[in-house]
Amino acid sequence: SWRFFFLSFRKIYTILKNSLLIIQTKSKKTLARPNVKNIVLVEGVRTPFLLSGTTYSDLMPHDLARAALQGLLHRTAIPKDVVDYIIYGTVIQEVKTSNVAREAALGAGFSDKIPSHTVTMACISSNQAMTSAVGLIAAGQCDAVVAGGVEFMSDVPIRHSRKMRKTMLSLNKAKTLGQRLSLLGSIRLAHLSPELPAVAEFSTSETMGHSADRLAAAFGVSRVEQDEFALRSHSLAKKAQDAGLLQDVISFKVPGRDIVSQDNGIRPSSMEQMAKLKPAFIKPHGTVTAANSSFLTDGASAVLIMSEEKALAMGYKPKAYLRDFVYVSQDPKDQLLLGPTYGTPKVLERAGLTMSDIDVFEFHEAFAGQIMANLKAMDSDWFAQTYMGRKSKVGTPPMDKFNLWGGSLSLGHPFGATGCRLVTTVAHRLQKEGGQYGLVAACAAGGQVSDTHVQHSLVVPAMIAFCTYAKHLYEL
Amino acid sequence: LLTKDRLRIGELCCQICLVTACCLLCPYLAGTHVNYEVKGDVAVVRINDPNSKVNTLSIQMQKELTDVMNEVWSNNAVQSAVLISTKPGCFIAGADINMIEGCKTAEEVTQLSQEGQNIFEKIEKSPKPIVAAINGSCLGAGLEFVIACQYRIATKSKKTVLGTPEVMLGLLPGAGGTQRLPKMVGLPSAFDMMLTGRNIRADKAKKMGLVHQLVDTLGPGLKSPEERTIEYLEEIAIECARGIVNKKIPLSKEKGMMQKLQDYIMSFEMVRNQIYKTVHGKVMKQSKGLYPAPLKIIECVKAGIEQGPIPGYLAESQNFGQLAKTTESHALIGLYHGQVTCKKNRFGAPQKEVKTLAILGAGLMGAGIAQVTVDKGVHTILKDTTVSGLARGEQQVFKGFNDKTKKRNITSFERDSILSNLTGQLDYSGFEKADMVIEAVFEDINIKHKVLKEIEAVIPPHCIFASNTSALPIKEIAAASKRPDKVIGMHYFSPVDKMQLLEIITTEQTSKDTTASAVAVGLKQGKVIIVVGDGPGFYTTRCLAPMLAEAVRVLQEGVDPKKLDALTTGFGFPVGAATLADEVGLDVAAHVAEDLGKAFGSRFGGGNVEVLKTMVDMGFKGRKSGKGCYVYQPGLKVRDVNPDIEEILEKYKMTPNPAVSSDSDVQYRLVSRFVNEAVLCLQEGILSSPVEGDIGAVFGLGFPPCLGGPFRFVDAFGADKLVEKMRRYEEVYGNQFTPCQLLLDHANDSSKKFHK
């Protein structure tokens, strides 16, 4: 019957598809797809990432972004009018420069004819900036796009209370002295309490650190495991810094201050020292502390993304192909920080690769507990079957390929800027380590430190993974 | 709460020896309900009743707990203990009610109480600190247990609630609760908890000082969230128990300034006496002295504080015994059992789950139904004919959830995502996906028919049509239907979000699956459900109508509305008859009285329907119109009798017969007509059981809960005595008071009872 025919047709199709896949996997030379443009990362830079409230404290966000853009211009020597578009990611917006991309671009000396816009997607804002750039190039809209991210936690918009704002706005409209006086007279003590930027996830009223602590507990991640991972991050970052591997960092002469040329949050400590700290969020029995969380950071990053054609025509030697990406989102309460677990297998499947094909992993480290929880989730058949609809576990990235030059825990995590750092680092590591494929994963989580009230609010839990292909050196 | 095993001390010691001997051979003692495991130096005592969804302190549970605790105390390797339940969502939900009901005399119950007191005293005086790790409901005896422990940790789960609901069963916390609670949370909070029986959420319990520490619930991990949360709670409780032993965690909390101040004030006898007096006054005002339990609770607390623990505990156990044998407690426990019965679907699972529910009419009822539906994951369509009507209805639903947000029961995000399931509209679009339509349009058979025909043109074949009518027979509504097997009545009570009852009406043609589906929807909405047969006024309205007719006659006989209210509330009705008429709406009352009068004839007479009609004509429709029997002014709680109705009552004045007009006679005239009609409904098969009759009367119409419903009232009061009274009224007023055959049968044979 027709039904049988249909079934058998589907069967044949599946067999064909599988055999094609096999052929593809065997060759493994390139992930280039027919009719899809090759898009490349030409260069990536960042300002040094500094603890908030240190040397950058008197700047504004666009100053940092401008510094990153100028650094990129300097490194690439690209003519200022070749760039077609500029996109920046940021999380906590300075209200005066809400389109920080445009303010920074103008100040950096880019042509005022280049349109620019700002995107926000919590901790993966600059990932969003980069994938938007990829989209613009793939769609044939642009050939060269600058993407970047900036976060400035030394100063955040603290507002008057809603009551006070309402009174002040009415005051603007008041016509007579009497009206004004009566409005002024209505101000009570309660009006004066300020409104800090959201300390909590809007949908659940839960702070990020709290969520991370619960996540760590759900996966049975111990305090020691978290402290060990944090120590690993700091030690590796220190080694990379000392060895001069962090080439993406540019020097920045801070107005009125010295030249800054190094990250200042890298502080390898000892397990004993770390064990002394009290839990920062869940008291008294929590496990997330200031030492095993990423800290509030000021910093900006920028990358130049081009179509391969254009890059080669201009004589660039691109650092990597940007091959594929995927965003996923989950329940914002209990699975907020589990993005990498969900996203990694998806992007691998899209690219026709397996975990063992990847040479370089760069995962965003919001909290040591969050990374450990993700690693445990990826290693669990039960989790994969119960929550991901998979037959078996995702599998964990081998630690000898994982965040070898430190991560957000040690280098710092300027929310909006981290994505570009991850991608640039993958490219540099592939080059240095002679690898072929790299993968980036980040959960959209806010970094925290315990000693401040200013924490970052999160919009959607999401994850982005890039598959970077560095075979170009041989292909070119 | 209590233990029934009556071991003498010697026997107990023997048992301890035996258990200890056993223990040397095997490290774990595993009972069916309680087992324990030693983790390092901490004994983890885990409870789980394998035969029930909830843990109760049954005889078996108590016995095993006592055994395990004795072993914990005698085990030298153990320094401290953690008490935890492995049953998700339930710590200990209370004492086993059957155990109390099983006692024959008050003395037996008193003894149960004393045994419970003894066990918890041992727990309180335990040389090894005991940490109670609470996840899920911790109520009644469960709460009494944990407040005897040295330390309490609770999860923040929504299911974690603490409370002493005994008062709702006409009892008191009888295992030390009345003695320990005031010391722990202070006199005012303790009274509030014990007299209202309300559930307290974990965060509030922490603020009150009822628990020491809170633990977050966990999401997905390497095990199911529930399982892992309990494990996590246990891990923290174990650390905590060690901390107490190492003196790292102090057991006595540094008192705050406010606490010290409150303690100082409470140290004056005069202040305490004033509190007892105020609380006593409040209880008397609310309960009219009809409920003995709250008064006994005050008595026990007072005895403990003013005279010391020995008289306190004695008062508690003796009063507990007495209360357990009161008719009020029997009635309330009966209602509890009835409620459990009416929360089950005796028609089985419906073939198709209702995923889209459409409601016609966004009035008070329609919007109320939407409100209780939309947060149950059901897509809800609310349809009205006018923009203003729809806007009002949608605002009502929004307000319902916004109020919950303000009370922090839900977050604003939860509110928004709940409301995303609600579609307000003026047309029938989307009705092709509806699984059930509930109409709440005006009570007019022609309008109902018109709506039914319009609906049937747009809904899919499987869709059920339910009518939220309070009196129109479903058969008549179904007459216009192409598929009467899918037509059913769903009678909600106003305000829908507060009233627990749903009366489902089936006709002879209604299919079993239709009924099963309606019950399933009602249960989802959180309702207590009675399923009754079709007929004018079904069950609830039919019982209420003769009582209201009698109320009108009482008014005509010169009793003023305030006095009428006082008489009815004095009998135990939560709302007086005159106020009830205003709440229902006098237009509705007149309408119903006329309709049912036509259907049932002179039996439904009494007061003159013209009284109601005249009032309606003058615009007095009750609360909704601002005037009825009373005048309602927004913002004013005190209300006066509507002066304009005096004229009407004067016009229809009747002369009271002094032989049947004493206060008590007026009360029994009102109640006997209600009760007789209820019994007649059972006799005629409108009701399928007395349980449903009692539940419907109490939860839908406010029949005095202390009487347990009309059927339990007849059982307790005596059918013969009731018939005797009715005969007396019958002589004066005629057939309105003629007892029905079933009631007569019961009067003639005192062994016949509605409830076994």
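As a reminder, the structure under discussion sits directly above these lines.
Owing to the predicted nature of the structure, the values given are computational and were not obtained by experimental measurement. (Residues numbered from 1 in each chain as written. Chains lettered and ligands numbered in written order. Predicted model: local features only at pLDDT ≥ 70, side-chain atom pairs only at ≥ 80, totals over all residues. Heavy atoms only, no water.)

Q: What should I look at first to understand the sheet that holds strand S5 (residues 90-92) of chain B in this one?
A: Sheet strands pair via backbone hydrogen bonds, and the direction of the pair is either parallel or antiparallel. Residues and elements named next belong to chain B. What the four strands build is an open sheet, ordered S5-S7-S9-S10; its pairing is mixed. The open sheet has two edge strands, S5 and strand S10 (200-201), and neither has a second partner. Note: S5 against strand S7 (residues 137-139), two bridges, orientation parallel. Counted as the bridge partner of Cys90 is Ser137 from S7. (Pairing = 2+ DSSP bridges. Helix = DSSP H or I, 4+ residues; strand = E, 2+ residues; numbered from the N terminus.)

Q: Where do I start with the interface of chain B and chain A in this structure?
A: It is common to give the size of an interface as the accessible area that goes away when the parts come together. Each side of the interface is counted separately: chain B has 19 residues, and chain A has 18 residues. Each partner contributes to the roughly 1,600 Å² buried at the junction of chain B and chain A, and carbon and sulfur atoms together form 61% of this total. At the boundary of chain B and chain A, one finds zero salt bridges. Inspection of the region where chain B meets chain A yields four residue pairs in polar contact (both at pLDDT 80 or more). Elements that contribute at least two residues to the side of chain B that touches chain A include exactly strand S11 (213-215) and helix H9 (225-245) of chain B. (Contact = heavy atoms within 4.5 Å. Buried area = accessible area lost by both parts, 1.4 Å probe. Salt bridge = Lys/Arg side-chain N within 4 Å of Asp/Glu carboxyl O. Polar contact = N/O pair within 3.5 Å; in protein donor to acceptor, adjacent residues only side chain to side chain.)

Q: Even after reading the chapter, I still don't get the pattern of salt bridges, so can you show me in this structure?
A: Side chains that differ in charge, positive against negative, can pair when their charged atoms come close. All names here are of chain B. Taken as a whole, this structure holds 61 salt bridges over all chains when the rule is applied. For the salt bridge of Arg623 with Glu583, the shortest nitrogen-to-oxygen distance reads 2.9 Å. With Arg623 in the loop between helix H25 (609-617) and strand S20 (630-631) and Glu583 in helix H23 (residues 577-584), this residue pair connects regions lying 40 residues apart in the sequence. A relative accessible area of 43% places Glu583 in the partly exposed class. Across the pair Lys613 and Glu594 runs a salt bridge, and its minimum N-O distance is 2.5 Å. One end of the pair, Lys613, is in helix H25; the other, Glu594, is in helix H24 (residues 586-600), and 19 residues separate them in sequence. (Buried < 20%, exposed > 50% of the residue type's maximum accessible area, 1.4 Å probe, protein only.)

Q: Looking at this structure, I do not really get the packing of aromatic side chains. What am I missing?
A: Inspection of the entire model under this criterion finds 25 aromatic pairs over all chains. Taking 4.6 Å as the distance between ring centres and 15° as the angle between the ring planes, the aromatic pair formed by B:Phe600 and B:Phe604 counts as stacked. Each of the two residues, B:Phe600 as well as B:Phe604, counts as buried. The interplanar angle of 45° and the centroid separation of 5.1 Å between the aromatic rings of B:Phe674 and B:Phe703 together place this pair among those described as tilted. With a gap of 29 residues between them, B:Phe674 in helix H27 (residues 663-684) and B:Phe703 in the loop between helix H28 (690-701) and helix H29 (710-717) connect regions that are remote in the sequence. Of the two residues examined, B:Phe674 and B:Phe703, each falls in the buried class. One aromatic cluster in this structure is built from B:Phe571, B:Phe573, B:Tyr668, B:Phe674, B:Phe703, B:Phe713 and B:Phe717. Just above the ring of A:Phe49 sits the side chain of A:Arg46; from NZ or CZ to the centre is 4.3 Å. When the ring centre of B:Tyr630 is taken as reference, the NZ or CZ atom of B:Arg639 above it lies at 4.7 Å. (Phe/Tyr/Trp six-rings, centres within 6.5 Å; stacked < 30°, edge-to-face > 60°. Lys NZ or Arg CZ within 6 Å of the ring centre and 35° of its normal.)

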